[in-house]
Amino acid sequence: MSAERFNTLRWRSQDGLQLYARDYPGAPGAEASARCPVICIPGLTRNSADFDQIAATVAASGRRVLAVDLRGRGKSHYATDPATYGVDTYALDVLELMRSQSISRAVLMGTSLGVWVTLTIAAKRADAVVAAVLNDAGPEAPKAALDRIARYAGIPVPPMTREDAAAYIERIGAAAYPRYTRADWVGMIDRMFRVREDGLLVLDYDPRIIRTLGPIKLWLLRPLLWRLYRKLATQRPTLILRGQLSDVLEARTARRMAAVSPTARLIEVEQVGHAPSLSEPDAVAAILALLREVD
C-alpha cells in the first residue's frame, strides 16, 4: 500500500480505455470482504482525491472503498472519442470496474455529476446498488447554476505556479466555501492540478469532457432523472446531502427528493455550497449511519 493509505487499481473499459481508482482495502480478513464495498464517483472536473478523507474513515471502520477517476480525469486515460464523455459511458465504466473486481453489490457515493452516474448505474443494473449517498445534486438543477459551472469547466487556462493555482481555486470556489482559509485553498491544489515536467501546474482533466454535458441537455433530462431517482430511492436506503449555500441542489428540490421515500434521508451541511467535501462532521456521521444499515 502507498504512503497515501490506498492501493492503485487499474481496469479496462469496454472500449479499451485504461482507467484508475484508489483502493482503500478496509480491515484485513474475512470481515471486510463480507461487507458491501463503497464506490465513490466524483464531480465533473474532479477526481478520486476528493474522497480521500471520507474513504479513509470508512475503510477504517472495516469496509473496502474504491474511489474512481472517471475517464478523462486524473490518472485515467483520456478518451480517443470525446463523444464517450457522457453519463451512460461513465456508468458502464463503473459497472466494468465492479465486474473486474467480482463486486456484485456496492454502496454508491456520488458527488455532483457522480449523482447522475449513480442514478444511471441503478437504472442499468438495479441489483448492483445496495444504498446510495447523493452529494449535492439531484434530478434537476437551476439553469443559472449550470451556466456558472460552464463558465469555468472545460475552459482552457494557462499553466500556473502554485500561488496562481491557489488563487484560481479560490476565485471559482469562494462562494461555496466562505469559511475556507488560504491554507484550505492551497490544500486543494494537488486534488485539482497535475505538475508538468517544467514544474508548472495544469488542470487535471481533459477539457473536452464538457462537450456532452451542457446545461440545456440536463434541463431537458429532468423528467427522466426524476424517474431514475424515484426508482433508486424507493428501493434502497438513500442519503441526500445538500450544502446549505448550494445553487446546484436547491432546498425545495432536496425536500422533494426526501419526500419520495421513507428510506430517503436529507442532511443539510451548514455554511457550505456546491458541494460538501464529505469531511464535515455532519456529513461523515450521516454516511457512517447509512453504512450501518447495510449488510
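Coordinates for the structure precede this section.
These notes cover the structure that comes with them. Keep in mind it's a predicted model, so treat the numbers as computed, not measured.

### Things to note about helix α3 (residues 87-100)
Over its 14 residues, α3 runs 20 Å from end to end, which matches the ideal 20 Å to within 8%, given 1.5 Å per residue. The element α3 is largely enclosed, with a buried count of 10 among its 14 residues. Taken as a whole, α3 has its buried residues at Val87, Thr89, Tyr90, Ala91, Asp93, Val94, Leu95, Glu96, Leu97 and Met98. Where α3 is buried, its residues meet β1 (7-12), β2 (18-24), β3 (38-41), β4 (65-69), β5 (106-111) and α4 (113-124). Serine 102, located one to two residues past α3, shows a positive phi value of around 55°.

### A word on the sheet that holds strand β6 (residues 129-135)
Across a sheet, strands are paired by hydrogen bonds formed along the backbone, either parallel or antiparallel in direction. Reading across the sheet, the 8 strands line up as β1-β2-β4-β3-β5-β6-β9-β10 and stay open at both edges, with mixed pairing between neighbours. Each having just a single partner strand, β1 and β10 (264-269) make up the two edges of the open sheet. If you compare each strand with its neighbour and ignore which way they point, the axes differ by 20° on average. Where β3 and β4 come together, 3 bridges link them in parallel fashion. In the sheet register, isoleucine 39 faces β4, and the bridge partner there is leucine 66.

### Concerning helix α2 (residues 52-60)
For α2, every residue scored as buried is listed here: Asp52, Ile54, Ala55, Ala56, Val58 and Ala59. In this structure, the buried side of α2 is in contact with β2, β3, β4, β5 and α12 (281-292).

### A few points about empty space enclosed by the protein
If you walk through the whole model with that rule in mind, you get 1 cavity of 30 Å³ or more. Forming the boundary of the largest cavity are Trp116, Gly138, Pro139, Glu140, Ala141, Leu146, Leu218, Trp219 and Leu225. Split by residue class, the lining of the largest cavity holds 7 nonpolar, 1 polar and 1 charged.

### Notes on the nonpolar core
Core analysis: the largest hydrophobic core is formed by 101 residues, its most contacted members being Phe193 and Ile287. Each residue touching isoleucine 287, except ones within four places of it in the same chain, is listed here: Ile54, Val58, Met109, Val133, Leu239, Leu241 and Leu278.

### Topic: the side chain of threonine 45
Looking at the element boundaries, threonine 45 is found in the loop between β3 and α2. Exposure remark for threonine 45: the relative accessible area of 14% places this residue in the buried category. The contact partners of threonine 45, leaving out residues within four places of it in the chain, are Ala153, Tyr205 and Ile209.

### Focus: the side chain of arginine 63
Inspection of the secondary structure puts arginine 63 in the loop between α2 and β4. Within the structure, arginine 63 has its side chain in polar contact with the backbone oxygen of cysteine 36 (distance 2.9 Å). Among the polar contacts listed, one links the side chain of arginine 63 to the backbone oxygen of leucine 291, at a separation of 3.2 Å.

About the criteria used
- Residues numbered from 1 in each chain as written.
- Predicted model: local features only at pLDDT ≥ 70, side-chain atom pairs only at ≥ 80, totals over all residues.
- Heavy atoms only, no water.
- Helix = DSSP H or I, 4+ residues; strand = E, 2+ residues; numbered from the N terminus.
- Expected span 1.5 Å × (residues − 1).
- Buried < 20%, exposed > 50% of the residue type's maximum accessible area, 1.4 Å probe, protein only.
- Contact = heavy atoms within 4.5 Å.
- Pairing = 2+ DSSP bridges.
- Axes fitted to C-alpha atoms, helices over the stretch in contact; angles between N-to-C directions.
- 1 Å grid on protein atoms, 1.4 Å probe; cavity = no way out; pocket = protein on both sides within 12 Å on 5 of 7 lines; lining within 4 Å.
- Points joined across faces, edges and corners; volume = space filled by probe spheres on them.
- Nonpolar A, V, L, I, M, F, W, Y, C, P; charged D, E, K, R; others polar.
- Core = buried A, V, L, I, M, F, W, Y, C linked by side-chain atoms within 4.5 Å.
- Polar contact = N/O pair within 3.5 Å; in protein donor to acceptor, adjacent residues only side chain to side chain.

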